[in-house]
Amino acid sequence: MTSVVEKPVVAEDDSAAASPLRALRSGQGLAGVLLVGVVALAGVLAGVLSAYDPLAQIPGANLLGPNAEHWLGTDHLNRDVAARVLAGIRINLLIVLLAVPVGAVIGSLVGLAATVHPIADVAAQRVFDLILAFPSLIFAIALAAITGPGWHAVVIVIIAAEIPIFGRQIRTAVLAVREQPFVEASEVIGAGTWWTLRKHVLPNVIEPLGVQFALSLSVAVFIEGAMSFIGIGVRPPEPSLGSLIGESIANLDANPWMAIGPLTVVAALTLGFLLIAQALGRARRVA
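What comes next concerns the included structure. (Residues numbered from 1 in each chain as written. Predicted model: local features only at pLDDT ≥ 70, side-chain atom pairs only at ≥ 80, totals over all residues. Heavy atoms only, no water.)

**Some details on the environment of Ser19**
Now for step 1: Position of Ser19 among the secondary structure elements: in helix H3 (residues 19–23).
Now for step 2: On the basis of relative accessible area, Ser19 is assigned to the buried category, the value being 9%. (Helix = DSSP H or I, 4+ residues; strand = E, 2+ residues; numbered from the N terminus. Buried < 20%, exposed > 50% of the residue type's maximum accessible area, 1.4 Å probe, protein only.)

Written out as structure tokens, the structure is:
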């Protein structure tokens, strides 16, 4: 019986184990990785790709159209739009890559705790219901009214939105895996609950979380953009993709290129993360 418990719970088939990586190297996965990678690289190299300070006003450069010096023209405050878009990419990705992992970890821990005892399960479910009762945008407006707008409000809203998603997903996955024979065998020989979760259950529920993580990154990009667009996210003069889209609305007639840059980046990031999630999900079904 001991040999049954010690048996690795992950698939021994190399092709199955490598399927997520293979999914990211071809088709939708590769397209998604390239989209996100190009945008992220542009944000990292913002200082190299643009010679202008995203906050600096350029004398005599009011609402210029695209030209050799200003690829996307200038805005109503004489600032280089391309430089601000590149800086906005960096801010957006920093917020998203901070908030989503934190929300995923907290939600996963709460979901795991819910599987240990019925009382903990009831408490966790009520917390999830309470969070889901408020749409993210409504919660964002209420939070901004209390704490004031800023990047911290965006981070809190994204974290709160991800907690019930990851919590319920890992709870469902853990309850399903715990019914498997190798888990029952572990409990029969006296293994502790947390040891069983760490050694036998978690390795079998991590892979589905990868799909959800990619989806959550896509949603987080939209949440940051929406909050900054309506003025309760990243505060001016700091550029963010959402605030840049908002600023461009009033100047569409004078310089429509102001909107094209940030809209293209938001679309590329959202689509890229969605393609990655779809590729990972298809790999799981095939495996």
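Having seen it, we continue.
**Some words on the packing of helix H6 (residues 81–114) against helix H9 (residues 151–177)**
Now for step 1: Where H6 contacts H9, the two axes come as close as 6 Å, and the packing angle between them is 35 degrees. Crossing hand, H6 versus H9: right-handed.
Now for step 2: Within the contact of H6 with H9, the residues separate by chemical class into 18 nonpolar, 5 polar and 2 charged. (Axes fitted to C-alpha atoms, helices over the stretch in contact; angles between N-to-C directions. Left-handed = near helix turned anticlockwise from the far one by under 90°. Nonpolar A, V, L, I, M, F, W, Y, C, P; charged D, E, K, R; others polar.)

**Focus: the side chain of Ser240**
Now for step 1: Along the chain, the position of Ser240 falls in the loop between helix H11 (193–229) and helix H12 (241–249).
Now for step 2: Residue classification places Ser240 among the buried residues on the basis of a relative accessible area of 0%.
Now for step 3: Within the structure, Ser240 has its side chain in polar contact with the side chain of Glu224 (distance 3.3 Å).
Now for step 4: Setting aside residues no more than four positions away along its own chain, Ser240 makes contact with Gly88, Glu224, Ser228 and Val234. (Polar contact = N/O pair within 3.5 Å; in protein donor to acceptor, adjacent residues only side chain to side chain. Contact = heavy atoms within 4.5 Å.)

**Some thoughts on the pattern of salt bridges**
Two side chains carrying opposite charge are able to pair once their charged atoms lie near each other.
Now for step 1: Summed over all chains, the structure comprises 7 salt bridges.
Now for step 2: As a salt-bridge pair, Arg79 and Asp75 come within 2.9 Å of each other at their nearest N and O atoms.
Now for step 3: Overall, Asp75 belongs to the buried group, its relative accessible area being 1%.
Now for step 4: The partner of Glu247 in a salt bridge is Arg79, with the nearest N and O atoms 3.8 Å apart. Of the two residues, Glu247 is situated in helix H12 and Arg79 in the loop between helix H5 (46–49) and H6; the sequence distance between them amounts to 168 residues.
Now for step 5: Shared partners join several salt bridges into a network, and the residues in it are Asp75, Arg79, Arg84 and Glu247. (Salt bridge = Lys/Arg side-chain N within 4 Å of Asp/Glu carboxyl O.)

**A look at unusual backbone geometry**
Now for step 1: Cis peptide bonds are those with omega within 30 degrees of zero, and the linkage from Pro236 to Pro237 qualifies with 5 degrees.
Now for step 2: Mapped onto the secondary structure, Pro237 falls in the loop between H11 and H12.
Now for step 3: In this structure, Leu63 takes a positive phi of about 50 degrees despite not being glycine.
Now for step 4: Since its relative accessible area comes to 21%, Leu63 is described here as partly exposed.

**Here we look at the nonpolar core**
Now for step 1: Membership of the largest hydrophobic core comes to 51 residues, with the highest contact counts inside it found for Ile89, Ile95, Ile158, Met227, Val265 and Leu269.
Now for step 2: At the level of elements, helix H4 (27–44), H6, helix H7 (118–132), helix H8 (136–147), H9, H11, H12 and helix H13 (257–286) are the ones that each hand at least two residues to this core.
Now for step 3: Tallying contributions element by element places H6 first for this core, with 12 residues.
Now for step 4: Among all residues touching Ile95, those that are not within four sequence positions of it are Trp151, Val154, Val155, Ile158, Glu224 and Val234.
Now for step 5: With 9 residues, the next largest nonpolar core counts Ala104, Ile170, Ala173 and Val177 among its residues. (Core = buried A, V, L, I, M, F, W, Y, C linked by side-chain atoms within 4.5 Å.)

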